[in-house]
Amino acid sequence: RKEVEQDPGPFNVPEGATVAFNCTYSNSASQSFFWYRQDCRKEPKLLMSVYSSGNEDGRFTAQLNRASQYISLLIRDSKLSDSATYLCVVNVLSNSKLTFGKGITLSVRP
Amino acid sequence: GAGVSQSPRYKVAKRGQDVALRCDPISGHVSLFWYQQALGQGPEFLTYFQNEAQLDKSGLPSDRFFAERPEGSVSTLKIQRTQQEDSAVYLCASSPSDPEFRPQHFGDGTRLSIL
């Protein structure tokens, strides 16, 4: 079993749609959680950190459930510019490395 | 300020050749990471430096892979006797030295193709 598993994709949605991505992680010692965004042929960029209380940044909402070892990302009112690959990322502080999921590709169509 | 800089941006080599990939982290960032990203996959950890010390090299796939950061700033990832399966994007990331974790900032990567 991979350490971080994401929903298979791709997602193809119309502008304005709400889309949700899910992710599970296997290491219960994981302490930090993130969503990164990666555009085609570009480097991953931090989209947002994920906290147990849930957090929101504009149209983006991230949730963490430590008991279920589950992370989610909700994108509301999707825009064409949201088209990208979204990577679920966890970190175990004791060794600092980031562990990435495979990523899920979102295409938003006009 | 300047971000993480990697060079070359693209590298094509024949199987069996040695290659060297360079990473210049954000100024003042103590931690430096190398990742390998195969097509259609998420990045996979290779190795981690804190200053000049290589604290974790558990992700290096074979002894053909070697990384160094002799002065605690610029790092070089060297791959000897390259194989076709080494073809991937090699990403470098850096983060500050705070005891509390700070997100890693990635460079554009080096796209390596082995013929």
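As the structure is a prediction and not an experimental result, all values here were calculated from the model.

A. Spatial organisation of the overall build of chain B. Counting secondary structure elements, chain B contains zero helices and 11 strands. The helix and strand sequence of chain B, counted from the amino end, reads β-β-β-β-β-β-β-β-β-β-β. Compactness check: chain B gives a C-alpha radius of gyration of 13 Å against a globular reference of 13 Å for 115 residues, within 12% of the reference. Seen through its C-alpha atoms, chain B measures out along the principal axes to roughly 40 × 25 × 25 Å. Looking at chain B as a whole, 46% of its 115 residues are labelled buried.

B. The state of the cysteines, seen in detail. With the rule as written, the count across this model stands at two disulfides over all chains. The disulfide partner of Cys-23 of chain A is Cys-88 of chain A, and the S-S distance across this bridge is 2.0 Å. Measuring handedness by torsion sign, the sulfur bridge of Cys-23 of chain A and Cys-88 of chain A sits at about -75° and is left-handed. Separated by 65 residues along the polypeptide, Cys-23 of chain A in strand β3 (residues 19-25) and Cys-88 of chain A in strand β9 (residues 84-91) bring together distant segments of the chain. Of the two residues examined, Cys-23 of chain A and Cys-88 of chain A, each falls in the buried class. Covalent S-S linkage joins Cys-23 of chain B and Cys-92 of chain B, the inter-sulfur distance amounting to 1.8 Å. Around the S-S axis, the bridge from Cys-23 of chain B to Cys-92 of chain B shows a dihedral of about -70° and counts as left-handed. Here Cys-23 of chain B is found in strand β3 (residues 19-24), whereas its partner Cys-92 of chain B is found in strand β9 (residues 88-95), with 69 residues between them in sequence. Each member of the pair, Cys-23 of chain B together with Cys-92 of chain B, is buried.

C. Spotlight on the sheet that holds strand β6 (residues 55-57) of chain A. All names here are of chain A. An order of β1-β3-β8-β7-β6 is seen for the five strands of this open sheet, with the pairing classed as antiparallel. Looking at the sheet topology across the chains shown, the edges are occupied by β1 (4-6) and β6. When the angles between neighbouring strand axes are averaged without regard to direction, this sheet yields 15°.

D. Layout of the interface of chain B and chain A. If you look at the interface, chain B gives 21 residues, while chain A gives 19 residues. Inspection of the chain B/chain A interface yields one salt bridge. The salt bridge partner of Glu-44 of chain B is Lys-2 of chain A, with a shortest N-O separation of 3.7 Å. Taken together, the elements giving at least two residues each to the side of chain B that touches chain A come down to β4 (31-37) and β5 (44-50) of chain B.

E. Structural detail: the nonpolar core. Formed by 24 residues in total, the largest nonpolar core has its most connected members in Phe-21, Trp-35, Ile-71, Leu-73, Ile-75, Tyr-86 and Leu-106 of chain A. For this core, the secondary-structure elements that each account for two or more residues are β3, β4 (32-38), β7 (60-65), β8 (70-75), β9 and β11 (104-109) of chain A. Counting residues in each nonpolar core, the second largest holds 20 residues, with Ala-13, Trp-34, Tyr-90 and Leu-112 of chain B among its members.

F. Spotlight on the environment of Val-19 of chain B. All names here are of chain B. Looking at where Val-19 falls in the secondary structure, it is placed in strand β3. Along the chain, Val-19 and Thr-82 lie 63 residues apart, while their C-alpha atoms are 7.5 Å from each other. For Val-19, the residues in contact, after removing those within four places along its chain, are Lys-11, Ala-13, Leu-77, Lys-78, Ile-79, Thr-82 and Leu-112.

What counts and what doesn't
- Numbering of residues starts from 1 in each chain and follows the order in which that chain's sequence is written.
- By the order in which they are written, chains take letters starting at A while ligands take numbers starting at 1.
- With the structure being a predicted model, the display of local features is reserved for residues of pLDDT at least 70 and the display and counting of side-chain atom pairs for 80 or more, all residues being used for whole-chain, interface and lining totals.
- To obtain the side-chain values, all non-hydrogen atoms of the structure were included, while hydrogens and water were left out.
- A run of H or I in DSSP becomes a helix once it reaches four residues, and a run of E becomes a strand once it reaches two; helices and strands are each numbered from the N terminus.
- Each radius of gyration is computed over the set of C-alpha atoms, and the globule rule expresses the reference value as 2.2 Å times the number of residues to the power 0.38.
- Using a 1.4 Å probe on the protein chains alone, a residue whose accessible area is under 20% of its type maximum counts as buried, one over 50% counts as exposed, and one in between counts as partly exposed.
- By definition, disulfides here are pairs of cysteine sulfur atoms that lie within 2.5 Å.
- A pair of strands is labelled paired if DSSP reports no fewer than 2 bridges between them.
- Helix axes are fitted to C-alpha atoms over the stretch in contact, other axes to C-alpha atoms as well, and angles between N-to-C directions run from 0 to 180 degrees.
- Contacts are assigned to residue pairs that have any heavy atoms within 4.5 Å of one another.
- Here a salt bridge means any side-chain nitrogen of Lys or Arg lying within 4 Å of a carboxyl oxygen belonging to Asp or Glu.
- Note on terminology: a nonpolar core comprises buried Ala, Val, Leu, Ile, Met, Phe, Trp, Tyr and Cys residues joined through side-chain atoms within 4.5 Å.

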